[in-house]
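# Tertiary structure, described
Residue-level listing of the chains:
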Amino acid sequence: MSSPLYVKEGKAINQAKGSLLIAKGIPGVQYGEIVDVKLTNGEIRQGQAIDVSKDAIVVQVFGGVSEVDLAGCSVRYKGETLKLPVSIDILGRIFNGMGKPIDGGPEVVAEDYLNVNGEPINPAARMPPAEFIETGISSIDGLNALVRGQKLPIFSGSGLPHNQITAQILKQAAVRGASEKFVIVFGAIGVSYNDADFFIKNLGETGAMARAVAFINTASDPVIERISTPKLALTAAEYLAWNHGMHTLVILTDMTNYCEALRELSAMRDEIPSRRGYPGYMYTDLAGIYERAGRISGREGSVTIMPILTMPDDDITHPIPDLTGYITEGQIVVSRELQRKGIYPPIDVFLSLSRMMKEGIGENKTREDHNNVFMQLYAAYAEGSYLREISTIIGAEALSDRDKIYLSAADRFESEFLLQGEDERRTVEETLDIGWKLFADLPEEDLKLIREEYIKKYLPKYKDEKKV
Amino acid sequence: MGKIWRITGPVIVAEGMRGSQVNEVVEIGSEGLVGEIISLDSDRAVIQAHEDTLGLQAGEEVRGTGSILTAELGPGIVGAIYDGLQKSLTALMANGDVFLRRGVKSFALPRDKKWQFTPTVKVGDKVSEGTIIGTVPETGLIVHKIMIPQGISGTIKKISEGQFTVVEPVALVEQDGETKEIIMMQKWPIKKPRPYKKRLPTTRLLVTGMRILDYMFPLALGGKAAIPGGFGTGKTVTQQQLVRWSQTQINIYVGCGERGNEMADVLYSFKELKDPNSGRLLAEKEVFLANTSNMPVVAREASIFVGITLAEYFRDMGYDVLLVADSTSRWAEAMREIGGRLEEMPGEEGFPAYMGSRLSSFYERAGQVECIGSPDRMGSVTIVGAVSPPGADFSEPVTQNTLRIVDALYALDTSLANKRHFPAISWLQSYSLYVDSVKEWWSKIAPDWAEIRASALRILQLEAELEEIVRLVGPEALPERDKLTLMVARMLREDFLMQSAYHPVDTYTTPQRAQLMVKTIMRFNTLAQQLIESGGTINELRQSPIVPRISRMKDIPNEDFEQRVKELTNDMETGLIPQKGGVR
Ligand SMILES: Nc1ncnc2c1ncn2[C@@H]1O[C@H](COP(=O)(O)OP(=O)(O)O)[C@@H](O)[C@H]1O
Ligand SMILES: [Mg+2]
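Residues numbered from 1 in each chain as written. Chains lettered and ligands numbered in written order. Predicted model: local features only at pLDDT ≥ 70, side-chain atom pairs only at ≥ 80, totals over all residues. Heavy atoms only, no water.

For the rest of this paragraph, the subject is the site of ligand 1. The environment of ligand 1 is made up of 16 residues, and the closest members are Arg 355 of chain A together with Gly 232, Lys 235, Thr 236 and Val 237 of chain B. Residues within reach of ligand 1 are spread across chains A and B. A distance of 2.9 Å separates an oxygen atom of ligand 1 from a polar backbone atom of Gly 234 of chain B. The separation between an oxygen atom of ligand 1 and a polar side-chain atom of Lys 235 of chain B is 2.7 Å. Relative to its free-state accessible area of 550 Å², ligand 1 is covered by the protein chains to the extent of 92%. It is helix α3 (residues 235-245) of chain B that provides the largest number of residues to the shell around ligand 1, a total of 3 residues. (Near = heavy atom within 4 Å. Polar contact = N/O pair within 3.5 Å; in protein donor to acceptor, adjacent residues only side chain to side chain. Areas by Shrake-Rupley, 256 points an atom, 1.4 Å probe, with all protein chains shown as cover. Helix = DSSP H or I, 4+ residues; strand = E, 2+ residues; numbered from the N terminus.)

Shown next as structure tokens:
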């Protein structure tokens, strides 16, 4: 197999308008393929064939059609959609958003060329994700557990510590009792050079870079490559997972930039926009990326995706987080309010959710009482937060003694359960035990979401501690 | 045979298509991608492709198949996992297709499998469309009834007993001097409702085992309901619960534009779940259609219509069928995407103007009917559709159009879900128009159901009103009576309405048990009111050991339930009366 060169060229350009270029029909151009537009002055711009017919092809030129003249310019195409050259040697390497090495190393000697859009996994071939990944972070492990094969995004806002949280997860994440091949695939989409550097350095420092692949598209790189970067990253991850049996964790940051690029390209095509100018197919487009996560029965590896996105105006109902939340298996939401209170990691557990949690926790996986502790913590924190809201109006003194207990439980939940150090790695047992410590302060008859046998087994120790 | 003239996304224009018909299925390109003609203009056809068109070129071949999009009906459906076009995903899996290549084909009904056919009519019997001529034990739970297909009526000339594939003749029918072969498989155009004799009123409760449905907002067999809710509010889990525990004979789960892992989750859970009545695997009464969000967009529409066609087919055998569709919004979005490519005039938020009528052409296929053909029988199709409103805002077009059609609404509330109150079905916003029609059904179990239901809902309503005062003055400033209302409302919410799908006992509640649970709480309310009227305080009530016992009702295993609740009620009657030293 060889990398196809640009094989054909069409010269009859009829129209150039906005970012679109209409050329006379060229047989062999494929719908959706990436083409090169060569200007008279020799400059080359990339474009995509977005409408192909016998009479004409419409090419969307990334970077616009300024300086394009109809006579001297030409369209060169391969007759094939974007492919990524792969081999096991991609490990440890850094590529750009078109899959070209940018680490100074040689081109990858390809063992195969893979279509970057992948193919949907047969739903009947999927295995439900069920292996708990211990991140060492209480608010995740205890209340919104991550499992292998899941797609769990981080919804954040500008200036919030999503990078630190992600770095902490990358450093600490481990599957209990497992020592299989674990690799990281990193995709940076339209991020600042500093942000990209932060992760690469981090991977380097922890020695993880040798077991990582990175695809970097910084803010100054072409917009169209924002679209291909996550697809390249996932193609690499799938290759490592399904061909080499590796457990891959794909970090994609910042998917908001991907969505903005999608909107920009759609607007240039004069497509009818859906909510707030984003194209109506954004759901399907994002699903094409995130649905690549999973496990397959009979295969060793897995693809776990953790995308990061910043919510415009911290608004979770904005189409980007909204559509993402409709696709991913939950979300970890970073809160500005908790950040202001000095809580790290400032994870809003009410807005956060892990839909795959129940399969990954419990006896033989984490601990038998995990689900009950999780539910009771939510109930208690919800009650305390509600009372906190009321007490801001009526004053805490006006509350009953029972309500005061819940009020302080909410504070302790934040300062003892949520709060932890950037380098602090808690086992899931430690996390659950903090829960029990908080329960010891609550009226025992209120622990109605916990099975009585667990109360008997776990509570006395903390009740006794309290007495001492 | 024609050639591709133009490709834009899922829309293809082909030339040289004279002689084709609108809605005809075509095969496109060397991979044979499936598409459907949506309009014809002299020799040009506009085609919507049901598979990804990336990489197609102008000039590639387009071949007509001469038939419109149909579903294959016959033994082999129950327990199957299909994609949106009814390709068998399990068959593909058996061929090693772990990934779905475009253009890959597989039959819906296996052609080589032999089924045991037992005739129920004999030579000389008159038969017509819908007449049951024999049965096949399809699974341990389902007897498949073989019916005379459309357009055939006459006299049985020959009928055989034995092992047959779905394409081998099992009977011969003489019609107007002609002899027609009857095979077990029939095909039906998916967008055409299957006929019935007449519609019947929907008066039987669809027992789902979910307390907030069965007791508060009942759904009738043959009814239609919608579950709108933002992401993470419980649409999928609710629908999964419905296909797990509903007291229907066939359940059809349509995963339309949703998650693959969820699909895997539900499929896996069915490998173990047993029918409590028969002890057989529940999968023996289920059909799954999986057209996940990364599978072709255009096939989302087909998945919904294939699903409803299968549902009607089993209805025609005389079965009660439940179809859940997760999510109808993804289908509406597919309509919007195609409409946009066809440069149709967009309506509200870009959706095509016909979106509402398409949705109703789906929901209108629900109902309880008298089936055609002999013997006389009754069947029903119940539809429950999930709606995924952007930003959880119910004023958007898909939700609004759906609400005009359905008769029951289960409104999911994001703030309940955030607090992990599940099912997060809002008791204030939800409604059911079946309350009156299932009253008689309920009265056989609980003559006082309607009153108790109404008073429980009233307490919850009162709570919402009191809540506004609480926010101003705090809970302690309320009079004791109101504090009691809040206390009982909380019991209703947390100890009755809240129901975990993952708790082995709590996951399914019989109507009888639900009735006992509410009755106990309402009895507590009455006794507590009396107590307070004679000078008792809410603090005394809060200390009462009765209260935690009420909250633990959910955990009591079914076999002990009646006894334990009787004890609880007795203790309540003697303990919650004014006495020295507070309540016991
Ligand atoms: N009845 C229920 N019992 C327990 N947990 C539930 C229930 N309904 C929903 N959940 C929880 O809420 C999460 C989201 O529910 P899901 O049905 O996937 O939401 P949606 O389909 O509306 O996005 C689930 O993963 C589960 O944790
Ligand atoms: Mg869902």
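Below, the discussion takes up the interface of chain A and chain B. Across the boundary between the two partners, chain A contributes 85 residues, which contact 76 residues of chain B. With both sides pooled, the region where chain A packs onto chain B buries about 6700 Å², and carbon together with sulfur makes up 56% of that total. Arg 355 of chain A serves as the salt-bridge partner of Glu 262 of chain B, at 4.0 Å between the closest nitrogen and oxygen. Inspection of the region where chain A meets chain B yields 39 residue pairs in polar contact (both at pLDDT 80 or more). Grouping the amino acids of the side of chain A that touches chain B by side-chain chemistry returns 41 nonpolar, 22 polar and 22 charged. (Contact = heavy atoms within 4.5 Å. Buried area = accessible area lost by both parts, 1.4 Å probe. Salt bridge = Lys/Arg side-chain N within 4 Å of Asp/Glu carboxyl O. Nonpolar A, V, L, I, M, F, W, Y, C, P; charged D, E, K, R; others polar.)

Bringing the sheet that holds strand β13 (residues 154-156) of chain A into the picture now. Residue and element names in this part refer to chain A. Pairing is mixed across the open sheet formed by 8 strands, whose spatial order is β9-β16-β15-β17-β18-β13-β19-β20. Strands with a single pairing partner mark the edges of an open sheet, and in this sheet they are β9 (94-96) and β20 (353-354). In this structure, β13 lies alongside strand β18 (residues 302-310), joined through 3 bridges in parallel fashion. Its bridge partner being in β18, Ser 156 is matched across the sheet by Thr 310. (Pairing = 2+ DSSP bridges.)

Further remarks concern the packing of helix α11 (residues 401-418) of chain A against helix α12 (residues 428-439) of chain A. Residue and element names in this part refer to chain A. Axis separation between α11 and α12 bottoms out at 10 Å; the angle between their running directions is 155°. The pairing of α11 with α12 is recorded here as roughly antiparallel in orientation. For the crossing formed where α11 meets α12, the hand is right-handed. Taking contact as the criterion, the partners of Arg 412, Phe 413, Glu 416 and Phe 417 in α11 are, on α12, Thr 431, Ile 434, Gly 435, Lys 437 and Leu 438. Among the residues forming the contact of α11 with α12, the class breakdown is 4 nonpolar, 2 polar and 3 charged. (Axes fitted to C-alpha atoms, helices over the stretch in contact; angles between N-to-C directions. Parallel < 35°, antiparallel > 145°, perpendicular 65-115°, else oblique. Left-handed = near helix turned anticlockwise from the far one by under 90°.)

Inspection of the secondary structure assignment puts Lys 235 of chain B in helix α3. Taking the relative accessible area as the measure of exposure, Lys 235 of chain B reaches 7% and is therefore buried. For the pair Lys 235 of chain B and Gly 307 of chain B, spaced 72 residues apart in sequence, the C-alpha separation works out to 18 Å. Setting aside anything within four residues of it in sequence, one finds Lys 235 of chain B in contact with Tyr 326 of chain A together with Ile 227, Gly 229, Gly 230, Ala 386, Val 387, Ser 388 and Leu 412 of chain B. Looking at Lys 235 of chain B, its side chain comes within polar contact range of the main-chain oxygen of Gly 229 of chain B, at 2.8 Å. (Buried < 20%, exposed > 50% of the residue type's maximum accessible area, 1.4 Å probe, protein only.)

For the rest of this paragraph, the subject is the pattern of salt bridges. A complete count under the given rule lists 78 salt bridges over all chains for this structure. In this structure, Glu 291 of chain A and Arg 126 of chain A form a salt bridge, with 3.2 Å as the shortest nitrogen-oxygen distance. Here Arg 126 of chain A lies in the loop between β10 (112-115) and β11 (132-134) and Glu 291 of chain A lies in the loop between α6 (282-290) and β18, a separation of 165 residues in the sequence. Residue classification places Arg 126 of chain A among the buried residues on the basis of a relative accessible area of 2%. Between Glu 467 of chain B and Arg 471 of chain B there is a salt bridge, with the nearest N and O atoms lying 3.7 Å from each other. With Glu 467 of chain B and Arg 471 of chain B both in helix α11 (residues 449-473), this residue pair falls 4 residues apart, about one helical turn. On the basis of relative accessible area, Glu 467 of chain B is assigned to the partly exposed category, the value being 22%. Beyond isolated ion pairs, a larger network of salt bridges with shared partners links Glu 383, Arg 402, Asp 403, Asp 446 and Lys 448 of chain A together with Arg 490, Glu 494 and Asp 495 of chain B.

With that settled, consider the environment of Pro 511 of chain B. Residues and elements named next belong to chain B. Tracing the chain through its elements places Pro 511 in helix α13 (residues 511-533). When its relative accessible area of 4% is taken as the criterion, Pro 511 is described as buried. In this structure, the C-alpha to C-alpha distance between Pro 511 and Gln 240, residues 271 residues apart in sequence, is 19 Å. Setting aside residues up to four positions removed in sequence, Pro 511 forms contacts with Val 207, Trp 441, Trp 442 and Ile 445.

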